[in-house]
Structures are given as structure tokens and as C-alpha cells.
Amino acid sequence: MSGPQRLLLSIAVGLSLAVGPAQAQEPGTIYDHHESARSDKFTKGLIRRAELEPGEPNIRITLNVPSFLLTLWQNGKEIKTYRVGVGLKDYPIYIGDREAKQIIWNPPWIPPYSSWVRERGVRSGQTIPAGNPRNPLGKIKIPLGDSYLIHQAAKVGDLGNLVSHGCVRMLRSDLFDLTEKIVAARSGPVSRRRIASAKAGLRVLVAELDPPVPTVINYDTLVVEGGVLHIYPDVYGRGTNTVPRLRAELQSSGADVSRVDDDTFRRMLARVTRRRQFVVEVNRIVEGRGLEDGRAIPLFATAAGKRRR
């Protein structure tokens, strides 16, 4: 391949990565992998919520890693948001577009070739059946491709933490809820009777998702949602919580922060800890009261101090 040909190929690949599958979504849901799907830039300041409509297959999943929140959407509306744990810093979850092609109840575990596996007293390549206490997958796994999974958390303490080998962990009750909503939206690739049997026993059950459920994983530590700024911890140490990025995020959301000095932004960023986000209404920042009226709250609390639905 000649030099010019290689250059054209590189440009083409770069464009395909920049555009990505998210461009196929309905208007108002196009975002890049550094922007939360909950951002006002895409919701226009209002996240519409609804109950799941069975038989309506237009669903997708989004996850913003720093907030540890996974959301199921249907026709652009939030159906439910779940708390999750994600991959360790040394084994991070993939950031970008994924697809959920299957749901597998009672999955066996085949440990990957990794030092992480050796630390857990199992051998890479062996099959650990469902129900075995050494199997970390629990009752359900949702493959996302390239060995990335959504699967059961070991304990409540997994939520809001870096705990896995590149996977997303959810409480079993939440996984049951999420997967049954997916099955209902897709008009039952497996019956409720077979799901109930799989939940009660150890027999493997596989539901093929055709077409796959689009799953987009973002890494956004600076999110304006409903007119409220959320500063989340930079859990993977990617250098995202900086004064220039914070100023740019607010400006891109339509806030005039020209009179807010850099020291104020630095002090706002410093209020964030590993387990606490900093929240403040954007109009308070514009009025010069970002520090006085903002507060550090637990990761899983909303700006109003209430738990998400």
C-alpha cells in the first residue's frame, strides 16, 4: 500500500470511529463518548421518563462510568436507571459503542488469561459452572463483545466502585429487572416460564437479541443535567476534571461564566472525592455563588438529595 493510500485509509478509519453507531439513533440522542447521555446538550434540559412499553423494540442502554449509573431507554425516554460497579483502573471497562447480542442465565465462567485470575485461585481456561462459589458472574451475564460483560455483583458494596476485570456489575434483582424489561420490549425471545425456571435453577438459558441492543459507554465527569452541574470523580485518572474543561462545559451549555475566576473553579473541583460528587445549579455559578450554594453529596444522590428512580 502506498503512502497516500495509507493516509486515506487512516482518515477513513478515524472518521468511522468519530461518527460511530450512535449516529443512527433518533434526533437528540447523538453524543460522543466523552458526553453523558443525560447531558442537557442532548435532552434539552428535560429527561422524559416512561414505563416500559412491551413489544416496542426501540431500546438502548447507556452507562456513564464516573457516575456509576446505567440507564435503559426506550424511544428516547428513560425507563429505569440502575447503580453499577465497573472495571478496575488496571482493567477498565471499554469506553465506546458496544452491542448486547444475548442474555445468558446461569452462565459458566471461563477465566481469562490474566494475573487477575491467578489471584483468585482458579486456572485460566477452565470452566467454572453456574452456582460454583468461584464463578463471579452470578445468575446472568449480558455479553457486550470482546469479553466485556454486564453481570451480577458479588455484594452491594460493588456498586459505585471499581471492582471487576473490565465488566459492569449490577445487583441480581436489578439484573432480573433489566433483562426482563429487555425481553418484554423485544416481544419475548424466551418465555416468562423459561426465565422463571432459569432463575430458580442452574440450567443455562440463552436469549438471542436480534437486532442487538445498542449499548454506549461514556466517560463524562462534568455533566450539566436539568440545569444542574454534576462534577463526578475522575475514577480512571484521565485528567478530565480541569478548570479549562469545566469552563468549556459550562459555556457549551449556554452559561456565561466569563466573570467566574479560575480559583473558584479549582475550589469547586477540589470538593469532589472518590465517593462524592459536587453539584450546584448552573445559574448559581453564573451569579458567582457556585461555592456557597454547591455541595458535595454521595455519588448516588441527585442534586435534590433524593435517590434516583
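Residues numbered from 1 in each chain as written. Predicted model: local features only at pLDDT ≥ 70, side-chain atom pairs only at ≥ 80, totals over all residues. Heavy atoms only, no water.

### Observations concerning the sheet that holds strand S3 (residues 77-83)
No. 1: A sheet is described by the order of its strands in space; here eight strands give the open sequence S3-S2-S1-S10-S5-S6-S7-S9, paired in mixed fashion. The outermost strands of the open sheet, each flanked by one partner alone, are S3 and strand S9 (168-170). Taken over all neighbouring pairs, the strand axes of this sheet differ in orientation by 25 degrees on average, direction set aside. (Pairing = 2+ DSSP bridges. Helix = DSSP H or I, 4+ residues; strand = E, 2+ residues; numbered from the N terminus. Axes fitted to C-alpha atoms, helices over the stretch in contact; angles between N-to-C directions.)

### Some remarks on the packing of aromatic side chains
No. 1: Under the defined criterion, the tally for this structure stands at two aromatic pairs.
No. 2: Ring geometry for Tyr94 against Tyr148: centres 5.9 Å apart, planes inclined by 50 degrees, an arrangement best described as tilted. Note that Tyr94 is positioned in the loop between strand S4 (86-87) and strand S5 (96-105) and Tyr148 in strand S7 (residues 148-152), a separation of 54 residues in sequence.
No. 3: Seen from their ring centres, Tyr219 and Tyr236 are 5.7 Å apart, and the 10 degrees between their planes marks the pair as stacked. Of this pair, Tyr219 sits in the loop between strand S10 (205-218) and strand S11 (222-225) while Tyr236 sits in the loop between strand S12 (228-231) and helix H6 (243-252), placing them 17 residues apart in sequence. (Phe/Tyr/Trp six-rings, centres within 6.5 Å; stacked < 30°, edge-to-face > 60°.)

### Considering the pairing of S12
No. 1: Neither face of S12 is open: one carries Val228 and His230, the other Leu229 and Ile231, and all of them are buried.
No. 2: Relative to S12, S11 runs antiparallel, the two being bridged by four bridges. Residue pairing for S12: Leu222 is matched across the bridge by Ile231.
No. 3: Linking S11 back to S12 in an antiparallel pair, the connection comprises two residues, with Gly226 at a positive phi of about 60 degrees. (Buried < 20%, exposed > 50% of the residue type's maximum accessible area, 1.4 Å probe, protein only.)

### Some remarks on the nonpolar core
No. 1: Judged by nonpolar contacts, the single largest core of 47 residues is most densely connected at Val65, Leu70, Val86, Ile103, Trp105, Ile142 and Ile182.
No. 2: Counting residues per element, this core draws most heavily on helix H4 (residues 172-185), at six residues.
No. 3: In contact with Ile103, other than residues within four places in its own chain, are Ile140, Lys141, Ile142, Thr179, Ile182, Val183, Leu205, Val206, Ala207 and Leu209.
No. 4: Counting residues in hydrophobic clusters, the runner-up holds 19 residues, among them Ile231, Met268, Val282 and Ile285. (Core = buried A, V, L, I, M, F, W, Y, C linked by side-chain atoms within 4.5 Å. Contact = heavy atoms within 4.5 Å.)

### Concerning the confidence of the model for the protein
No. 1: Averaged over the protein, the pLDDT score is 86; the fraction of residues at 70 or greater is 84%.
No. 2: Across residues 1-31 the pLDDT falls below 50, and counting only partners more than four positions away or on other chains, this stretch makes 23 contacts in the model. (pLDDT = per-residue confidence, 0-100.)

### Brief notes about the sheet that holds S11
No. 1: Within the open sheet, the four strands sit side by side as S11-S12-S13-S14. Their pairing is antiparallel. The strands lining the two open edges of the sheet, one partner per strand, are S11 and strand S14 (295-298). Averaged over all neighbouring strand pairs, the angle between strand axes comes to 30 degrees, with direction disregarded.
No. 2: As defined by bridge partners, strand S13 (residues 276-281) adjoins S14 across four bridges and the pair is classed as antiparallel. Considered in S14, the bridge of Gln277 is made with Ile297.
No. 3: Of the strands in this sheet, S11 and S12 are in contact with H6, which crosses S11 at around 20 degrees.
No. 4: The strands that helix H7 (residues 262-270) touches are S11, S12 and S13; relative to S12, the one it contacts most, it runs at about 60 degrees.

### Section: the side chain of Gln126
No. 1: Tracing the backbone through its elements, the reader meets Gln126 in the loop between helix H3 (115-118) and strand S6 (140-145).
No. 2: Residue contacts for Gln126: discarding those within four places in its chain leaves Trp109, Ile110, Pro111 and Arg134.

### Things to note about unusual backbone geometry
A negative phi angle characterises most non-glycine residues, just as the trans form characterises most peptide bonds.
No. 1: Following Asp210, the chain continues into Pro211 via a peptide bond in cis, with omega recorded as 5 degrees.
No. 2: Within the element layout of this structure, Pro211 appears in strand S10.
No. 3: Backbone geometry at Lys44 places phi at a positive 60 degrees, although glycine is not the residue there.
No. 4: Positionally, Lys44 belongs in the loop between helix H2 (40-43) and strand S1 (59-64).
No. 5: For Lys44, a relative accessible area of 71% corresponds to the exposed category.
No. 6: Within the chain, Ser147 stands out as a residue other than glycine whose phi angle is a positive 70 degrees.
No. 7: For Ser147, the position within the fold is in the loop between S6 and S7.

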